[in-house]
Amino acid sequence: MRKAPITYEDLLTNDESGKLSKRILIQGEAGVGKSTLCAKIAWDWYQGRVYQDLDMVLVFPLRIVTNVETIGDIVQRYLSKSIGATAKQINNYISSNPNKVLIVFDGFDEFNGSLSDKNKGEVLRILGLDQYKSVKVIVTTRPWRTDEFKSEKSLREAYSFISIEGFNKENLSTYIKKYFEMREKDNLADDLISFMEENGVISTNMAPFPIYCAMLCLMWNDLNEERRKEMQQLRSFSNVFREIISFLKVHYASKFYDDVQNHNADDHVDEADRAIQEISETALTGLLRRNLSFPEEQFIECLNAMEICSRVGVLAMERDIFSRDRRLDGNIPTSFEVSRIRFPHKLFQEYIAGMHIATLYSSDRTKYNKLKSGVLSRYKEFRYLLYFTSALGTELCLDIINDLKKTNDRYFCVDVAFECHTEEAARGVGERWEEYKLVSHTPEYTKSGIVFMVHCDQVKSLYIDLISCGRTLSRDLAEGMCSSRVLQEVTIGDSKFHTDFYKVLSEKASTCQN
């Protein structure tokens, strides 16, 4: 399988022969920029910058598309009545001009439908090559749902598979500098870049993701020096989200008082806490049903909490955008008149949903166990939900790990233990597995988790084969190897470490515990 970088301009001509690729599946982790890419494609086409051989570019966020709608139905909602195009005419145009149309489906992991469904709607028929086979199609998804395309030979051969890996070091630096340039705070940009480069967990696991960079920039800009120092201790996805939610709550309280240190401001922080907890069950229910956008009436029992969460920034209220004459005409279908509520990003929904699971663990163990069983049966889909939930308590984390062990996925268990970041959690995994491989294709986050396991004395045998190992990971690995009291065997293959690895070994080898 060919693995090579591809430019944005060449996205639609990405096979080895340079031939136009009709079908492209773009996969990437949460927050890496899939939706941003889709929006950029549409905007740049509209501005005449790219893909000018196309007459029509249609971008559909799958979280708000139902399985019964046709492409024409959706497009027609946004067209002025003066255009006079019916849904059927739109569909006919696409069929008659396949080389002039690009359809972009954003967020297949957020779509409540499967390619294996017997009664497929138009979206699934298009993705499954049963309709508009000659039309150019791009679909984005989180990695866990790519198997639906790769498991069927016809789809595997029809689609080109592309991964978005996020920012590299240069992209990161450029993004941060532009962010603070606009605010005339260039000194803060240099400080944040330095922090993100020196913190190995941040630089390898979070810096590549635009959503995390945006969050860190926002906080770095608004927090005082003391709070920035506290930020430098962040070590996990849960840490980042706990801090950003805390920041949003304080920001919400500041709208009522000029001085957020005002004692009464705490009341508004507590109010935001209660509101977020109140919507946590809806967040979880939506995840389990793959619903990421909700009708307003779904919050009927917690309307006040919904309003508060919207002001805090963990919920967003949206209405479908119709042309002005269609709104005034009053013939818009009722189902599209109502405001819909969504989370700013699926990661916010997963973080808040984890709160409800933690609440059930304490208050209703029977309901919790039933829910946990359903989540763990789809544990790859609910990766971040499990991360966030496990970080809410060691006892809760251990309970999840004990069941996760049945999957025999040791490295996922390592990730979960790392999120909790306690020795007890690491021991829960170490009781089952004592041997680990730290190799180049190991996900960066898991590499940090394995080193964490070494530091917690839960690794007896370690095989290392890393083409490249950065400064922080090299240093942490060497320190863990020297301090471990149980590590018995280390095998190093063709690896390239930072000089700090050898420096630490030289300094501490004489005081090794084993």
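Okay, so let's go over this structure. Quantities reported herein were computed from a predicted structural model and do not represent experimental measurements. (Residues numbered from 1 in each chain as written. Predicted model: local features only at pLDDT ≥ 70, side-chain atom pairs only at ≥ 80, totals over all residues. Heavy atoms only, no water.)

### Digging into the nonpolar core
1) Next: Within the largest apolar cluster, 114 residues are counted, with the highest numbers of intra-cluster contacts made by Met-196, Tyr-212 and Leu-462.
2) Next: The dominant element in this core, judged by the number of residues it contributes, is helix α17 (residues 346-363), at ten residues.
3) Next: Residues contacting Tyr-212, with those up to four places away along its chain left out, are Met-206, Phe-237, Val-240, Phe-241, Leu-347 and Tyr-384.
4) Next: Counting 30 residues, the second-largest nonpolar core is a separate cluster that includes Leu-25, Leu-58, Tyr-132 and Leu-155. (Core = buried A, V, L, I, M, F, W, Y, C linked by side-chain atoms within 4.5 Å. Buried < 20%, exposed > 50% of the residue type's maximum accessible area, 1.4 Å probe, protein only. Helix = DSSP H or I, 4+ residues; strand = E, 2+ residues; numbered from the N terminus. Contact = heavy atoms within 4.5 Å.)

### Comments concerning the layout of surface pockets
1) Next: Volume-wise, the second largest pocket comes out at about 1,200 Å³.
2) Next: For the lining of the second largest pocket, the leading source of residues is helix α1 (residues 34-46), giving eight residues.
3) Next: The residue inventory of the lining of the second largest pocket, partitioned by class, reads 25 nonpolar, eight polar and 13 charged. (1 Å grid on protein atoms, 1.4 Å probe; cavity = no way out; pocket = protein on both sides within 12 Å on 5 of 7 lines; lining within 4 Å. Points joined across faces, edges and corners; volume = space filled by probe spheres on them. Nonpolar A, V, L, I, M, F, W, Y, C, P; charged D, E, K, R; others polar.)

### Quick notes on the sheet that holds strand β4 (residues 136-141)
1) Next: Spatial strand order, β2-β3-β4-β1-β5: five strands in an open sheet with parallel pairing. The outermost strands of the open sheet, each flanked by one partner alone, are β2 (56-61) and β5 (159-163). Within the sheet, the average angular offset between the axes of one strand and its neighbour, ignoring direction, is 15°.
2) Next: Alignment of strand β1 (residues 23-27) against β4, held across five bridges, turns out to be parallel. (Pairing = 2+ DSSP bridges. Axes fitted to C-alpha atoms, helices over the stretch in contact; angles between N-to-C directions.)

### Considerations on helix α14 (residues 280-288)
1) Next: Listed in full, the buried residues belonging to α14 are Ser-280, Thr-282, Ala-283, Leu-284, Gly-286 and Leu-287.
2) Next: Of the surrounding secondary structure, the elements contacted by the buried residues of α14 are α13 (265-278), β6 (293-295), α17, α18 (365-376) and α19 (383-390).
3) Next: A positive backbone phi angle near 60° is found at Arg-290, which sits one or two residues after α14.

### Side note on the pairing of β1
1) Next: Judged by how many residues are buried, β1 sits mostly within the fold: five of five residues are covered.
2) Next: The two faces of β1 match: Arg-23, Leu-25 and Gln-27 on one face and Ile-24 and Ile-26 on the other face are all buried.
3) Next: Direction of pairing for β1 relative to β5: parallel, over a ladder of five bridges. In the sheet register, Arg-23 faces β5, and the bridge partner there is Tyr-159.

### A short note on the side chain of Ser-236
1) Next: Here Ser-236 shows up in the loop between α11 (225-231) and α12 (237-254).
2) Next: Polar side-chain contacts of Ser-236 include one of 3.2 Å to the backbone nitrogen of Asn-239.
3) Next: Here Glu-419 takes part through its side chain, which lies 3.5 Å from a polar atom of the side chain of Ser-236. (Polar contact = N/O pair within 3.5 Å; in protein donor to acceptor, adjacent residues only side chain to side chain.)

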